[in-house]
Amino acid sequence: MPTSELGLDKPLAALGISEAAQVTARFAEIRALFDSQSATVHDDSQWKTFRDTWLGRKSGVLAQITDNWLKPATPGLKRAVGASLNELRAHVESQIEARRLAIESGAEESALARERVDLSLPGVTRPIGSHHLIRQVFQQIEDIFVSIGFSVVEGPEIETPYYNFEALNIPEFHPVRDDMDTFYIDLPKGAPTPLLLRTHTSPMQIRTMEKQKPPVRVIVPGKVYRRDNPDATHSFAFHQVEGLAVDTDITFCDFTGTIEYFVKQFFGPGVNTRFRPSYFPFTEPSVEFDVSCIFCGGSGTAASGVTCAKCKGAGWIELFGAGMVDPAVYGFVNYDAKKVNGFAFGMGMDRLAMLKYGIDDIQVFFQNDVRFLRQFP
Ligand code: PHE
């Protein structure tokens, strides 16, 4: 029965109700109606309509009973109507509040169910990267040199001819500039100085000595650039580590001892080293350091009996250029050439990595094929 059929808009007399027993019966019907409606209320918006139907200030069921039944009731019925109405009101109010609580906690439960984390589901695996092999090799080099008192500095990849050449005792038109196959940068007309991609890390010798007085002990890792055609051992960009030690009492023995220590730490105690005379404008004397061939153990013959392809039977592999710092260089950095001496070296990191890890093509360092990179986690 909808509430509209309860006769709420008419006074009791018009409904033919004149005795207390009839009043009680009518209120029992109303209460049953309320209870049946209450059972159908399941969400917030149903609950609001339900509440307004029964407790609405103007046209709610209880308001209409008060206005249309209680107020105009005959003195004989007023008491019975008042008592039943109070009873009904208490029931309606408490039930409506109980419904509200039930709906609220139900909503919480379903939200909880929705947000529950299922710990048994497989997780999202994020692949973890690793350092590039060149970076790993530099870290090994760094550890070795830092342990004997060197520190690490870095410098610009775009240089002026002054730092890349002149201050390293390579004047303009010096023939070694031809070997460097330099990349010059296109600059607007009137630029104060030409700029180039550094062809070696040696400019950092100058920049370091300009900034700091002896003693100097630094290594400089970095990219360098030359106009080489790419093949298994050449790339237009590659990596060097420069080394520089300058002090008042550095001898040729300190120099060779340091290099030998490094090579044995890096490749293992089994390798031998040797040096041969060479030429660089910024070192005097200059040497080329060789290491006994890692692949054939220095014999020049591979395990299969044929000539070792890596050292071409020589038993030695050329490692890097080095030498005692040419006194002329000190003149460019205001060091007193009579009081200081030192040594410098420049090694190709790519070459060191290729020898140590048996890699036969320098290009793999720049292609960044994950199948290669994954082999060096
Ligand atoms: N800068 C030289 C080169 O790139 C190597 C070198 C560095 C030689 C330091 C001597 C001293 O070939």
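Not measured: the values here are computed from a predicted model. (Residues numbered from 1 in each chain as written. Predicted model: local features only at pLDDT ≥ 70, side-chain atom pairs only at ≥ 80, totals over all residues. Heavy atoms only, no water.)

## Some points on the packing of helix H5 (residues 133-146) against helix H9 (residues 252-267)
Between H5 and H9, the shortest axis-to-axis distance is 10 Å and the interhelical angle comes to 135°. Looking at the two axes, H5 sits oblique to H9. Where H5 crosses over H9, the two elements pack in a sense that is right-handed. Residues Val137, Gln140, Ile141, Ile144 and Phe145 of H5 form the contact with H9, whose participating residues are Thr258, Tyr261, Phe262, Gln265 and Phe266. A class-by-class count of the residues in the contact of H5 with H9 yields 7 nonpolar, 3 polar and no charged. (Axes fitted to C-alpha atoms, helices over the stretch in contact; angles between N-to-C directions. Helix = DSSP H or I, 4+ residues; strand = E, 2+ residues; numbered from the N terminus. Parallel < 35°, antiparallel > 145°, perpendicular 65-115°, else oblique. Left-handed = near helix turned anticlockwise from the far one by under 90°. Contact = heavy atoms within 4.5 Å. Nonpolar A, V, L, I, M, F, W, Y, C, P; charged D, E, K, R; others polar.)

## What to know about the packing of H9 against helix H11 (residues 349-357)
Two numbers describe how H9 lies on H11: the axes approach to 11 Å, and their chain directions differ by 45°. It follows from the interaxial angle that H9 and H11 lie oblique. Where H9 approaches H11, its residues Phe262, Phe266 and Phe267 are matched on the opposing element by Leu352, Leu355 and Lys356.

## Focus on the sheet that holds strand E7 (residues 283-292)
Pairing within the open sheet is mixed, and its 7 strands lie in the order E1-E4-E5-E9-E8-E7-E6. Only two strands of the sheet have a single neighbouring strand rather than two, namely strand E1 (151-152) and strand E6 (273-280). Pairing analysis gives 8 bridges linking E7 to strand E8 (residues 316-325), with the strands arranged antiparallel. Counted as the bridge partner of Ser292 is Trp316 from E8. Sheet strands touched by helix H8 (residues 203-211): strand E4 (216-225), strand E5 (237-247) and strand E9 (341-348). Its angle to E5, the strand with the most contacts, is close to 40°. (Pairing = 2+ DSSP bridges.)

## Some details on the site of the ligand
Taken together, 14 residues are adjacent to the ligand, and His200, Ser202, Arg226, Gln240 and Gly346 come closest. Between the ligand and Gln240, the relevant distance is 3.0 Å, taken from an oxygen atom to a side-chain nitrogen or oxygen of the residue. In isolation the ligand offers 320 Å² of accessible surface; the protein chains occlude 91% of this area. More than half of the atoms belonging to the ligand lie within 2 Å of the grid points that define the largest pocket. The biggest single contributor to the shell around the ligand is E9, with 3 residues. A breakdown of the residues in the shell around the ligand according to their chemical character gives 5 nonpolar, 7 polar and 2 charged. (Near = heavy atom within 4 Å. Polar contact = N/O pair within 3.5 Å; in protein donor to acceptor, adjacent residues only side chain to side chain. Areas by Shrake-Rupley, 256 points an atom, 1.4 Å probe, with all protein chains shown as cover. 1 Å grid on protein atoms, 1.4 Å probe; cavity = no way out; pocket = protein on both sides within 12 Å on 5 of 7 lines; lining within 4 Å. Sits in = over half its atoms within 2 Å of the grid points.)

## Section: the layout of surface pockets
Approximately 1300 Å³ is the volume found for the largest pocket. As for the largest pocket, its lining consists of 46 residues, of which Arg226, Phe238, Glu318, Leu319 and Arg351 are closest to the centre. Counting residues per element, the ones that place at least two in the lining of the largest pocket are helix H7 (176-180), E5, E6, E7, E8, E9 and H11. No other element matches the 8 residues that E8 contributes to the lining of the largest pocket. Split into classes, the residues belonging to the lining of the largest pocket amount to 22 nonpolar, 12 polar and 12 charged. In this structure, the second largest pocket occupies an estimated 310 Å³ of space. Lining the second largest pocket are 15 residues; nearest its centre among them are Ile134, Arg135, Gly222, Lys223 and His239. Elements with a contribution of two residues or more to the lining of the second largest pocket: H5, E4 and helix H12 (364-367). Looking at side-chain class alone, the lining of the second largest pocket contains 6 nonpolar, 4 polar and 5 charged residues. (Points joined across faces, edges and corners; volume = space filled by probe spheres on them.)

## Here's the deal with helix H4 (residues 75-115)
For H4, with 41 residues, the first-to-last C-alpha span of 60 Å sits near the 60 Å given by 1.5 Å per residue. The secondary structure elements touched by the buried residues of H4 are helix H1 (20-38), helix H2 (44-55) and helix H3 (61-70). (Expected span 1.5 Å × (residues − 1).)

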